[in-house]
Amino acid sequence: MQAPAQTSGSGLRLAIVLGLVALAAIVPILLPSWATLITLVAAKGVVVLGVIILLQAGQVSFGHAMYFAVGAYAVAFWGRHMGPGDLILYLLLGSAAATLFGAVIGLFVVRYREIFFGMLNLAFSMVLWSLLEKLYHYTNGADGIRVVRPTIAGIAFQPETFQYALLYVTLVIAVVASYVAQRYLDSPLGHMLRAIKSNETRLEYLGVSARRVLLIGYVLSAFLCGLGGALVAVAQQIATPEFGYWTKSGEFVFIAILGGSSSALGAFAGSAVFEIVRFYAAAKLANTWQLILGVVLIAIIMFAPNGLVGILNRNRRNAEARR
Amino acid sequence: MSAPLLQARGLEIRFGGVVAADGVDLDVIEGENLAIIGPNGAGKTTFLNISTGYLKPLAGTVTFLGQDITRLPPRAITRLGIARAFQIPQLFLEQTVMENMMIAAAARSGETSGWRRLLDRPEREEMLRLLDSVGVAAFAERRAHELPEGQRKLVDIALALALKPRLLLMDEPTSGVASSEKMGVMDILVAALAREKVSSVFVEHDMDMVERYAHRVAVWSSGRIQTVGPPAQVLGDPEVRQRVIGI
């Protein structure tokens, strides 16, 4: 994400963010079928923020869907055993469960780097996926668990108005999560996290435990994934083992690269393009939407390695150079 | 000069058939600049690696301020007051020079905030003064990877000084610096060490530098300390001149 030294265009960025949030809030009023779509874009953007945090340290997790699934199943289990709850409770449960999981698994995986880090995360996520599939008595196996529609701040919404209320809550959460993630990355801990990518040896020679720094980043990323998982479970009203499958982890990494891992905006830009392409391509070109997304990713890697936000930044720099 | 700051006793280490240290005893006295000279591959850098916890000796101990640090990891030794500057500068290349320095300042104070902005910390002026004292303040807002090698070297030293260490270990502090600028850089560096009351050990091949800036010289040859003493005495020793200096 943007370092303070790069914040010359912070005013412009703020205007872009506010404009996009306003657009995301208004479009569903005109196109009601987009309400859930935009909710999913924003919720998955929160998850991708978590993936992007780890990318700052040069670490790619191919297993972060497990935290997404933990967040979703925490909500589903509550609804199943305790009855309907409030959205705030659901979000607290989902994020807290994922944070706890992240802290425990993180203690182990932050000892490793690069491919070993990525594959260990994948291994843990596949263990969780298998448990969700096989413990049918508790999880309903591949059928998943239906998520009961919650109240929002104590108000019971009808289905047609609930999707809008959920959308606006998700947009607020997305903005707050982006701000928190950016503040973290601008803080000493965030800079130390970035330092792991470029020179872990020097970090240790400054008296800093790189493992501890990475663990804190890892737990924060798990928190964000759990929060996003809880939101998606509520939006789709179900939690299934597919939430924790390795292809879902790959999807989050895909979105991060597509949008650009240098900024919070990249998480949401990537999520928007991914979900919209999938939404329309799946409807009009069944079974080939993956092909379209694959071609898009190849083009991004070849021509815009810094993602969609990288293209925006490059165009802005070129425009400034011409002035 | 007074009590030993760092004491190495009976250090032994070998790499395959190469003996880098074979019963080495060496003291670093508070307030001194100790130069270590010797042929390439003699084990000079190995001493720095052992003293900072990067390597563990097969035998022997290193104590710092009376505490055994032989088996401690680098970060624990750093926190006790030993900093290191490297032969090849070790910077956070994607971050600015000021961000590099502020990370060091945060590390020194044990900062663990995940909220307060790094560049809003109160040490910013202090870090700028430190960069100025080694002549690289003009590069403060540049990314470290954009700097020429010589400037990177100075930032690497500034990074170590930012920790306010009691002892600074340097491996060829002016390698990579243009020949015409070496003495100037060392003048600045030694003045900074004296001002900050930091003792130092520096590995060096340039005998003019050793003669001018070291209080004592240790000659490291074939894994052993051949002799230790004032520069004039050591560099005037015919055997040292023949075996180490090559004249």
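Residues numbered from 1 in each chain as written. Chains lettered and ligands numbered in written order. Predicted model: local features only at pLDDT ≥ 70, side-chain atom pairs only at ≥ 80, totals over all residues.

## Structural notes on unusual backbone geometry
Glycine aside, the phi torsion of most residues is negative, and most peptide linkages are trans.
All names here are of chain B.
Next up, step 1: The backbone of Lys164 sits at a positive phi, close to 50°, despite the residue not being glycine.
Next up, step 2: With respect to the helices and strands, Lys164 occurs in the loop between helix 5 (149-161) and strand 7 (167-171).
Next up, step 3: Judged by C-beta crowding, with 16 C-beta atoms within 10 Å, Lys164 ranks as partly exposed.
Next up, step 4: Its identity is not glycine, yet Lys197 carries a phi of approximately 55°, on the positive side.
Next up, step 5: Within the fold, Lys197 resides in the loop between helix 6 (182-195) and strand 8 (199-203).
Next up, step 6: On the basis of neighbour counts, which here come to 10 C-beta atoms within 10 Å, the residue Lys197 falls in the exposed class. (Helix = DSSP H or I, 4+ residues; strand = E, 2+ residues; numbered from the N terminus. Buried ≥ 20, exposed ≤ 12 C-beta atoms within 10 Å, placed from the backbone.)

## As for the sheet that holds strand 2 (residues 18-29) of chain B
Residue and element names in this part refer to chain B.
Next up, step 1: The strand order 2-1-4-5 describes an open sheet built from four strands, whose pairing is antiparallel. The open sheet has two edge strands with one neighbour each: strand 2 and strand 5 (67-68).
Next up, step 2: Two strands pair when backbone bridges link them, and strand 1 (residues 4-15) and strand 4 (residues 59-64) are joined in this way by five bridges, in the antiparallel orientation. Paired with Gln7 across the strands is Thr63, a residue of strand 4.
Next up, step 3: Against the sheet, helix 1 (residues 44-51) engages strand 1, strand 2 and strand 4, with an angle of about 115° to strand 1. (Pairing = 2+ DSSP bridges. Contact = placed C-beta atoms within 7 Å. Axes fitted to C-alpha atoms, helices over the stretch in contact; angles between N-to-C directions.)

## Details of the domain arrangement of chain B
All names here are of chain B.
Next up, step 1: Looking at the assigned domains, one finds that chain B contains domain 1 (1-81 + 166-247) and domain 2 (90-164).
Next up, step 2: The distance between the C-alpha centroids of domain 1 and domain 2 comes to 25 Å.
Next up, step 3: Elements with a minimum of two residues in the side of domain 1 that touches domain 2: strand 7 and helix 6.
Next up, step 4: Among the residues making up the side of domain 1 that touches domain 2, the classes are represented as 10 nonpolar, two polar and two charged. (Domains from an automatic or database assignment. Nonpolar A, V, L, I, M, F, W, Y, C, P; charged D, E, K, R; others polar.)

## Here's the deal with the pairing of strand 2 of chain B
Residue and element names in this part refer to chain B.
Next up, step 1: Taken together, the nine bridges between strand 1 and strand 2 define a ladder with antiparallel strand orientation. Among the inter-strand pairings, Arg14 is bridged to a residue of strand 2, identified as Val19.
Next up, step 2: From the end of strand 1 to the start of strand 2, which pair antiparallel, there are two residues, and Gly16 there has a positive phi angle of about 65°.

## Details of the sheet that holds strand 8 of chain B
Residues and elements named next belong to chain B.
Next up, step 1: What the six strands build is an open sheet, ordered 6-7-8-3-9-10; its pairing is mixed. Each edge of the open sheet carries a strand with a single partner, namely strand 6 (82-85) and strand 10 (224-229). With direction set aside, neighbouring strand axes in the sheet form an average angle of 20°.
Next up, step 2: Pairing analysis gives four bridges linking strand 6 to strand 7, with the strands arranged parallel. Bridge pairing in strand 7 places Arg84 opposite Leu169.

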